[in-house]
Structure formats: structure tokens, C-alpha cells
Amino acid sequence: MTQTTLRQQFQTTGVDTDLMILMEDIATACRMIADRVRHGAFAGVLGAAETENVQGETQKELDVISDEIFQEIVGANPNVAALVSEEVDDVNWRKVAPQAGDFVVYYDPLDGSSNLDVNLSVGTIFSIVRLGAAITPAPEAVQIKGTDQIAAGYAIYGPSTGLVITTGHGVDGFTHHPGSGEFLLTQPEMSIPSETQEFAINASRYDLWDAPVRQYIDECLRGANGPRGKKFNMRWCASMVADVHRILTRGGVFLYPKDSGNAGQGGKLRLMYEANPMGMLVEQAGGASSTGYGRIMEVAPTGHHQRVSVILGSRDEVAVIESYHKD
Ligand code: AHG
Ligand code: MN
Ligand code: MN
């Protein structure tokens, strides 16, 4: 992973050693989370609330265990000014006087954790912003647009452990090699085909969708004889990491739109540690990411746990869905 990322950066801006070390720390945290996830029920309780095990010991949820690992490893990096986690309400300040050049790391320590109970793929998502100037620690100081991300990625804990990253120079996929303990390059320059015939959405929310989403899915379902003139396949993993990994591998479009059931919260998925990093990866792989009305990464955050409508994947399909929103 280090070699590949260094090579990407040499071609453009030169080597950013601080970023390299931070990425290595994140990769280490992900390896440790992968190890705990692999232990399944032996690692702690799975998706459920805190309970006691058969020995009467208190067990923590894997979400919480993963958050603690990330905090311990990545929070110890001397250039990290703050961590923003799905599992922690407040911003976790690591410096009292953050300076220009320090990093803010946003992360979802265990995405798709409802899948733990049924032993399906989960992951860790991260986003990295570098401060342009010294700041005073306050929640507003980390409410930074996705266009300011300098790197983003995710680890996927599936049949194998993968790591997919971008530093703004394309997207590379790595597989954890158990023998060496390294992430080795297995999917260089991942690229999303502009066209697709596969969509991912939780269709049980059909009655809650806005008209443009309903129109798009209705047209997909009508197949070769419908207005799209082609048959579509459907997948829904209920794990954004797994769905986005499939899209980066073979194309497709993913929707978790704002609907009448979640509109009060602004949507379901979180802007700063789910939508922005996935948006950056998808755009870097030649795809598009949108709220339906504009680019996700241009949304100005008003809270670090803010939610947003998410439509991302193959460029042409996202354009079709955006055009229905405009109409
Ligand atoms: P998390 O486990 O971090 O809370 O995120 C789950 C998210 C995302 O991974 C997935 O796409 C979506 O929630 C699934 O939602 P539904 O259960 O509504 O399908
Ligand atoms: Mn999540
Ligand atoms: Mn999570």
C-alpha cells in the first residue's frame, strides 16, 4: 500500500510523509478491527446492546470495540488534531491548539453492523481533511466540505479483508495478505463503468420515496420493454461498504435517498464519515455522487453527525436520477 500510494503522489504533488504515516496507522487499526470481527461471537456481542456472556462478563458491541481500536491507534498519531466518529457524540480533540497541516479524521468504525448477527460483510469508512490554518477546538471547526478531503477509503471485512483508498489520484484496491500482514495491491486503478444495469436500494421503503426515486426504480423494474430498454439486476447488502465495493468492482448505482420516513433527519446516511468518503472514492473512480440535487461533496455541513440523501455510482445512471429530480 505504501509503495503504491507513494508512486501516485510522486507523479503529482511530491511525497506527503505525514499522510503516508497516517494511512499506515489507519491500515493498522483496520487490521486489528478485522481480527476482532473474525472472532465473531467470541469477540464480544455482535449487533445487539451490551450484554453479559455465559461467564457473566460484560461484553461490548463490536461497534464500540472497533471505535476504541481506531481511537487508540489513529488517535495516537501526533499529527491528528481531532477524530470524528459515528460512535462518539462529541468531537474527540487530540490537540488543544490544532495547527495548519494537522489532520481531522472522520470515520465509521463498523459500517453495516446489523450484518454482524448474520455473518455478512461489514467495513470501516474513513475520510481525511488537512487543516489549512490553526483553529480553536469547537464543533464548527470540523464542519468542512467533502471537497476539502485529501484522502478517503474503507476497509471491507468479507471473505477476505480489503482496503480501498484514494489520495485524490485515482482509486486502488488492496487485499490483506495474511502471511506477510501487508495490504498488497490487487485492484489497481479501480474504475466504474459509466453505464450499468444494476441498482441497489432498500425497496421496502417504496411507499416513502419521493416521486423522482420512484420513477427511476419503476422504470428499471420494467426492464427491456420499459422506457430504459434494458433489464436491470438488483442487489442490497444493507452494508454501504459492501454495496460500494461491488459498484467499484463491476459498476452499478446505490441509493439511500431522503424520503418521507427519514426527511426529518435529512436522510439516513451520515455526510461526513459515510457519504463524503464514498463520494470521493466513487468520483475518483470515474463515477458520480449526488444528493439528487447536487454533488454530495459540495454540501456545506451544519453538524458533524449530519445526514444526507445519497445517490452514487455509474455516471450515466446518476445523471438520469438527477434529471428526474430537476424535472
Ligand atoms: P451503520 O451500521 O454504520 O449504522 O450503517 C448502516 C447503513 C449502511 O451501511 C447501509 O447501507 C444502510 O445503513 C442500511 O440501511 P437499512 O437497514 O435501512 O437497509
Ligand atoms: Mn455506517
Ligand atoms: Mn457504523
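Just so it is clear, the structure is predicted and the values come from calculations on it, not from any experiment.

Reading guide: rules and limits
- Residues numbered from 1 in each chain as written.
- Chains lettered and ligands numbered in written order.
- Predicted model: local features only at pLDDT ≥ 70, side-chain atom pairs only at ≥ 80, totals over all residues.
- Heavy atoms only, no water.
- Donors = N, O, S within 2.8 Å, 3.2 Å for Na, K, Ca; no water.
- Helix = DSSP H or I, 4+ residues; strand = E, 2+ residues; numbered from the N terminus.
- Buried < 20%, exposed > 50% of the residue type's maximum accessible area, 1.4 Å probe, protein only.
- Axes fitted to C-alpha atoms, helices over the stretch in contact; angles between N-to-C directions.
- Parallel < 35°, antiparallel > 145°, perpendicular 65-115°, else oblique.
- Left-handed = near helix turned anticlockwise from the far one by under 90°.
- Contact = heavy atoms within 4.5 Å.
- Nonpolar A, V, L, I, M, F, W, Y, C, P; charged D, E, K, R; others polar.
- Arc of directions from axis to C-beta.
- Pairing = 2+ DSSP bridges.
- Domains from an automatic or database assignment.
- Buried area = accessible area lost by both parts, 1.4 Å probe.
- Salt bridge = Lys/Arg side-chain N within 4 Å of Asp/Glu carboxyl O.
- Polar contact = N/O pair within 3.5 Å; in protein donor to acceptor, adjacent residues only side chain to side chain.
- Near = heavy atom within 4 Å.
- Areas by Shrake-Rupley, 256 points an atom, 1.4 Å probe, with all protein chains shown as cover.
- 1 Å grid on protein atoms, 1.4 Å probe; cavity = no way out; pocket = protein on both sides within 12 Å on 5 of 7 lines; lining within 4 Å.
- Sits in = over half its atoms within 2 Å of the grid points.

Looking at the metal site, the manganese ion (ligand 2) is ligated by D108 (OD), D111 (OD) and E274 (OE), spaced 1.8 to 2.2 Å from it. Considered as a linear motif, the donors of the manganese ion (ligand 2) on their single chain read D-x2-D-x162-E. In this structure, the manganese ion (ligand 2) lies 3.7 Å away from the manganese ion (ligand 3), the two metals sharing D108 as a donor. In this pair, D108 sits in strand β5 (residues 103–111) while E274 sits in helix α6 (residues 271–284), placing the two residues 166 residues apart along the sequence. The same class applies to D108 and to E274, which are both buried.

For the pair helix α1 (residues 2–10) and helix α2 (residues 17–38), interaxial distance at closest approach is 11 Å and the crossing angle is 150°. Looking at the two axes, α1 sits roughly antiparallel to α2. For the pair α1 and α2, the sense of crossing is right-handed. Across the interface between the two elements, T2, T5, L6 and Q9 from α1 touch L19, M20 and E24 from α2. Each residue belonging to the contact of α1 with α2 can be placed in one class, and the counts come to three nonpolar, three polar and one charged.

All of the buried residues along α1 are T4, T5, Q8 and Q9. When α1 is viewed along its axis, its buried side chains cluster within an angular range of 130° and face the same direction. Turned more than 90 degrees away from the buried face of α1, the exposed residues are Q3 and F10. Each element contacted by the buried residues of α1 is listed here: α2, β8 (161–166), β9 (171–177) and β10 (182–187).

Here we come to the coordination of the manganese ion (ligand 3). Ideal coordination angles are 109.5 degrees for a metal with four donors arranged tetrahedrally and 90 or 180 degrees for a metal with six donors arranged octahedrally. The coordination sphere of the manganese ion (ligand 3) contains the protein donors E86 (OE), D108 (OD) and L110 (O), at a distance range of 2.2 to 2.3 Å. Each donor residue of the manganese ion (ligand 3) belongs to the same chain, and together they define the spacing E-x21-D-x1-L. Residue L110 is classed as buried on the basis of its relative accessible area, which comes to 1%.

Turning our attention to the sheet that holds strand β13 (residues 253–256). Strand order in the open sheet formed by five strands is β12-β11-β13-β17-β15, with mixed pairing between adjacent strands. The open sheet has two edge strands, β12 (233–234) and β15 (288–290), and neither has a second partner. Of the pairings in the sheet, the one linking β15 to strand β17 (residues 310–313) comprises three bridges and is antiparallel in character. Bridged to A288 within β17 is G313. Taken strand by strand, helix α4 (residues 211–221) contacts β11 (198–200) and β13, and its axis lies near 140° from that of β13. Running over the sheet, helix α5 (residues 240–250) touches β11, β13 and β17 and is turned about 30° from β17.

Annotation of the chain at the domain level lists domain 1 (2–187) and domain 2 (198–326). For domain 1 versus domain 2, the separation of C-alpha centres amounts to 23 Å. Looking only at domain 1, the three residues that lose the most surface to domain 2 are I125, Q143 and Y154, adding up to 20% of its buried area. Inspection of the domain 1/domain 2 interface yields zero salt bridges. Inspection of the region where domain 1 meets domain 2 yields 13 residue pairs in polar contact (both at pLDDT 80 or more). Looking at the side of domain 1 that touches domain 2, the elements with two or more residues in it are β3 (80–85), β5, β6 (122–130), β7 (149–157) and β8. Considering every element that reaches the side of domain 1 that touches domain 2, the biggest residue donor is β7, with eight residues. Class assignment for the residues of the side of domain 1 that touches domain 2 results in 20 nonpolar, 19 polar and six charged.

Here we take up the site of ligand 1. Among the 16 residues in the neighbourhood of ligand 1, the closest are listed as D111, G112, N202, M240 and Y256. At a separation of 3.0 Å, an oxygen atom of ligand 1 approaches a polar side-chain atom of D108. Here an oxygen atom of ligand 1 sits 2.8 Å away from a polar atom, N or O, in the main chain of M240. In the complex, the protein chains occlude 81% of the 480 Å² of accessible area that ligand 1 would expose alone. With respect to the pocket detection grid, ligand 1 is positioned in the largest pocket. Put simply, the parts of the chain that give the shell around ligand 1 at least two residues each are β5 and β13. It is β5 that contributes the most residues to the shell around ligand 1, three residues altogether. Here the shell around ligand 1 is built from residues that sort into seven nonpolar, four polar and five charged. Residue contributions to the shell around ligand 1 reach at least three from each of two domains, namely domain 1 (2–187) and domain 2 (198–326).

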